[in-house]
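A structural walkthrough
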Amino acid sequence: MSAKESAAGAENALLLKNVVILDYYPVDMEAGPSPQVMRGDLRIRGERIAGRGPDLAPQDGEKVVDMQGVTVLPGNVNAHGHLYATLAGGMPQPRVPLETFTDILTEIWWPLDRALDHEAVYLSALAGAWDAVRCGTTMIFDHHASLAAVGGSLDRIEQALEEIGLRGCLCYETTDRGGKGQRDICLEENERYLQKLADRRPAGVPRFRGLVGAHASFTLEDKTLQLLGDICSRYDTGLHIHLAEGPTDREVSRERGWPDPLERLEANGLLHPGSVFAHGVDLSPLDMQTLEEHGCWLVHCGRSNMNNGVGRAPVDRFPERCALGTDGLDDNLWGELRTTYFRGNEGGRGPMGHQGAERFWLGNYRLARETFGEPFGSLDTGAPADFIVLDTFRKTPLEEDNWLSHLLFCFHPWDIAAVYVSGAPVYRRGDAPPADAAFLQDTAARLWKTMGLVR
Ligand SMILES: [Zn+2]
């Protein structure tokens with residue numbers, strides 16, 4: 001699906017007859033979640049839902065499709081992802097043992113982000129977005145790093161997402177790892193992209209948003225935190241950063257005279273409302289309260305925490321604004337949700353449970369609504385037409401009181417027949433991949449060689 005074809009959604013006039021609609025929110029932006037299941041028809045005009053209900057009469061110029069009782073539901077939202085990590089899939093393990101989280105950063109992710117050139121940034125994002133759309137993910141809050149190819153990197157990711165047809169909230173992970181010169185290039189890339197978005201002012205539903213990106217408090221000097229805060233203020237935009245992913249963040253903050261990383265960020269004016277903090281494994285109840293008071297988001301990345309051995313996040317204490325992210329593992333949000341739920345039950349039922357799973361899942365749509373200013377998560381009249389179409393075959397009844405159990409135990413990426421964004425189909429089962437596999441493999445092999453993982 002090219003950007004041109006995707007834009008053709010603006011002229012869509014479509015009536016989907018005989019669907020089962022699951023949605024999570026009313027279209028009213030002030031309203032809280034209220035998941036519901038209904039049977040009927042769904043009308044699409046341009047990039048929005050134009051009506052729903054039983055037996056809608058076809059209108060002039062409308063394409064009418066009998067959907068034979070398939071389920072449609074809002075596209076999935078990934079609240080914290082790393083498209084730059086896609087070509088690390090299947091990578092050989094480094095020869096040195098990875099005993100700590102710092103080892104994982106210094107032996108895998110930092111060598112990878114230094115190995116990426118502009119073409120690899122684009123191809124990695126393209127392959128990742130292709131994985132995402134096949135899991136029903138239509139929006140990604142991406143956190144990008146490519147230290148040898150910073151300037152313009154967010155345009156490459158935007159281009160890749162646009163080619164697949166997805167929405168993105170982009171930023172560059174500012175760090176002091178490369179010294180002051182490279183730090184300034186990181187800051188410039190964030191500001192350049194935010195200015196580009198501000199100049200664009202698109203009509204209709206925005207395809208892209210931006211945040212001010214930073215890696216983590218422990219790779220940032222105080223001066224850099226101040227400069228990040230300045231950009232947040234200038235663009236009235238939140239920060240997107242890893243926070244307390246493990247004990248390192250707190251240890252380094254203490255070395256610098258701060259009790260913890262959150263207090264350090266707060267002192268530098270970085271708790272801007274709408275900021276996205278990822279992980280929060282090592283946060284106190286007081287920290288959670290601070291995030292709550294500032295209207296900040298805390299994103300749980302349960303599978304990544306398990307894989308990196310950084311500890312178990314206190315999910316029952318997360319603030320009201322909580323959501324789920326895959327942290328670069330993939331963009332399969334159903335997989336993330338169910339693993340988070342299972343992990344919560346592992347040591348005895350709770351602390352996640354159905355209530356927690358529902359809270360986190362619906363949080364992703366609230367994040368999308370607040371960041372994009374559009375009623376994502378709704379499939380009612382006026383909402384953006386971003387939705388997943390499942391197979392005709394459904395094994396068990398779907399009702400209002402069991403929708404979460406379907407997400408936890410029943411829906412799988414292989415059930416997805418099509419995905420729509422802005423009223424246009426961006427994926428249909430059987431579509432050809434967006435890039436030549438041999439070319440992608442050559443690019444991955446080149447990255448791994450630069451990283452010293454293969455000869
Ligand atoms: Zn991350």
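Just so you know, these numbers come straight off a predicted model, no measurement behind them.

Observations concerning the packing of helix α5 (residues 179-200) against helix α6 (residues 222-235)
The geometry of α5 relative to α6 is characterised by a closest axis approach of 11 Å and an angle of 5 degrees between their N-to-C directions. It follows from the interaxial angle that α5 and α6 lie roughly parallel. Together, Arg183, Leu187, Glu191, Leu194 and Gln195 of α5 and Lys223, Thr224, Leu227, Leu228, Ile231, Arg234 and Tyr235 of α6 make up the contact between the two elements. By residue class, the composition of the contact of α5 with α6 is 6 nonpolar, 2 polar and 4 charged.

Observations concerning the coordination of the zinc ion
Here the zinc ion is held by His80 (NE2), His82 (NE2), His242 (NE2) and Asp327 (OD), and the distances to it run 1.9 to 2.1 Å. Classification of the site at the zinc ion as irregular follows from its 4 donor atoms and the range of 95 to 150 degrees in their angles at the metal. Written as a sequence motif, the donor residues of the zinc ion are H-x1-H-x159-H-x84-D. Note that His82 is positioned in the loop between β5 (76-81) and α2 (101-115) and Asp327 in the loop between β13 (322-324) and α11 (333-346), a separation of 245 residues in sequence. The buried category is assigned to Asp327, whose relative accessible area is 12%.

Topic: α6
Compared with the 20 Å implied by 1.5 Å per residue over 14 residues, the 20 Å span of α6 between its first and last C-alpha is a close match. Turning to α6, its buried residues are Thr224, Leu225, Leu228, Gly229, Ile231, Cys232 and Tyr235. Projected onto a plane normal to the axis of α6, the buried residues spread over an arc of 160 degrees and lie on a single side. In α6, those exposed residues whose orientation departs by more than 90 degrees from the buried face are Ser233 and Arg234. Those residues of α6 that are buried are in contact with α5, β9 (212-216), β10 (239-243) and α8 (261-267). One or two residues past the end of α6 sits Asp236, with phi positive at roughly 50 degrees.

A short note on helix α14 (residues 437-450)
Owing to its 3.6 residues per turn, the α-helix brings residues three or four apart onto one side. A rise of 1.5 Å per residue sets the reference length of α14, with its 14 residues, at 20 Å; its end C-alpha atoms lie 20 Å apart and thus fit the reference within 8%. The inward-facing, buried residues of α14 contact α2 and α3 (118-134). With its phi angle positive at about 80 degrees, Gly452 sits one or two positions after the end of α14.

Notes on the sheet that holds strand β8 (residues 208-210)
Across the sheet, which stays open at both edges, the 4 strands sit in the order β5-β6-β7-β8 with parallel pairing between neighbours. Edge positions in the sheet fall to β5 and β8, since each of these pairs with one other strand and no more. For this sheet the average axis-to-axis angle between neighbouring strands, irrespective of direction, equals 15 degrees. Strand direction decides the pairing type here: strand β7 (residues 167-170) and β8, joined by 3 bridges, are parallel. Along β8, the bridge assignment pairs Leu170 with Gly210. Running at roughly 165 degrees to β7, helix α4 (residues 153-164) makes contact with β6 (137-142), β7 and β8 of the sheet.

What about the layout of surface pockets?
Roughly 650 Å³ of volume is contained in the second largest pocket. Looking at the lining of the second largest pocket, the elements that each hand over two or more residues are α2, α3, β6 and α10 (302-308). No other element matches α2, which puts 7 residues into the lining of the second largest pocket. Classifying every residue of the lining of the second largest pocket gives 15 nonpolar, 14 polar and 9 charged.

What about the sheet that holds β13?
Spatially, 5 strands are ordered β9-β10-β11-β12-β13 in an open sheet, and the strand pairing comes out parallel. Two strands in the sheet have a free side with no partner beyond their single neighbour: β9 and β13. Within the sheet, the average angular offset between the axes of one strand and its neighbour, ignoring direction, is 25 degrees. Summarising the sheet, β10 and strand β11 (residues 276-279) pair through 4 bridges and their orientation is parallel. Counted as the bridge partner of His242 is Ala278 from β11.

Some thoughts on the domain arrangement of the protein
By a widely used convention, the size of an interface equals the accessible area lost when the partners come together. We note that the domain assignment places domain 1 (3-75 + 374-428) and domain 2 (76-372) within the protein. The C-alpha-based centres of domain 1 and domain 2 are spaced at 28 Å. Contacts between the two partners involve 43 residues from domain 1, matched on the other side by 35 residues from domain 2. With both sides pooled, the region where domain 1 packs onto domain 2 buries about 3100 Å², and carbon together with sulfur makes up 65% of that total. For the interface between domain 1 and domain 2, the tally reads 1 salt bridge. Between domain 1 and domain 2 we count 14 residue pairs in polar contact (both at pLDDT 80 or more) in total.

Re empty space enclosed by the protein
Taken as a whole, this structure holds 2 cavities of 30 Å³ or more when the rule is applied. Approximately 60 Å³ is the volume attributed to the largest cavity. In terms of lining, the largest cavity is formed by Pro74, Gly75, Val77, Thr138, Met139, Tyr365, Phe376, Gly377, Ser378, Pro384 and Asp386. Counted by class, the lining of the largest cavity contains 6 nonpolar, 4 polar and 1 charged residues. Taken domain by domain, the makeup of the lining of the largest cavity includes at least three residues from each of domain 1 (3-75 + 374-428) and domain 2 (76-372). One number sums up the size of the second largest cavity: a volume of about 30 Å³. Residues belonging to the lining of the second largest cavity are distributed by class as follows: 3 nonpolar, 2 polar and 3 charged.

What counts, and where the lines are drawn
- Residues numbered from 1 in each chain as written.
- Predicted model: local features only at pLDDT ≥ 70, side-chain atom pairs only at ≥ 80, totals over all residues.
- Heavy atoms only, no water.
- Axes fitted to C-alpha atoms, helices over the stretch in contact; angles between N-to-C directions.
- Helix = DSSP H or I, 4+ residues; strand = E, 2+ residues; numbered from the N terminus.
- Parallel < 35°, antiparallel > 145°, perpendicular 65-115°, else oblique.
- Contact = heavy atoms within 4.5 Å.
- Nonpolar A, V, L, I, M, F, W, Y, C, P; charged D, E, K, R; others polar.
- Donors = N, O, S within 2.8 Å, 3.2 Å for Na, K, Ca; no water.
- Tetrahedral: all angles 85-135°; square planar, octahedral: opposite > 155°, others 65-115°.
- Buried < 20%, exposed > 50% of the residue type's maximum accessible area, 1.4 Å probe, protein only.
- Expected span 1.5 Å × (residues − 1).
- Arc of directions from axis to C-beta.
- Pairing = 2+ DSSP bridges.
- 1 Å grid on protein atoms, 1.4 Å probe; cavity = no way out; pocket = protein on both sides within 12 Å on 5 of 7 lines; lining within 4 Å.
- Points joined across faces, edges and corners; volume = space filled by probe spheres on them.
- Domains from an automatic or database assignment.
- Buried area = accessible area lost by both parts, 1.4 Å probe.
- Salt bridge = Lys/Arg side-chain N within 4 Å of Asp/Glu carboxyl O.
- Polar contact = N/O pair within 3.5 Å; in protein donor to acceptor, adjacent residues only side chain to side chain.

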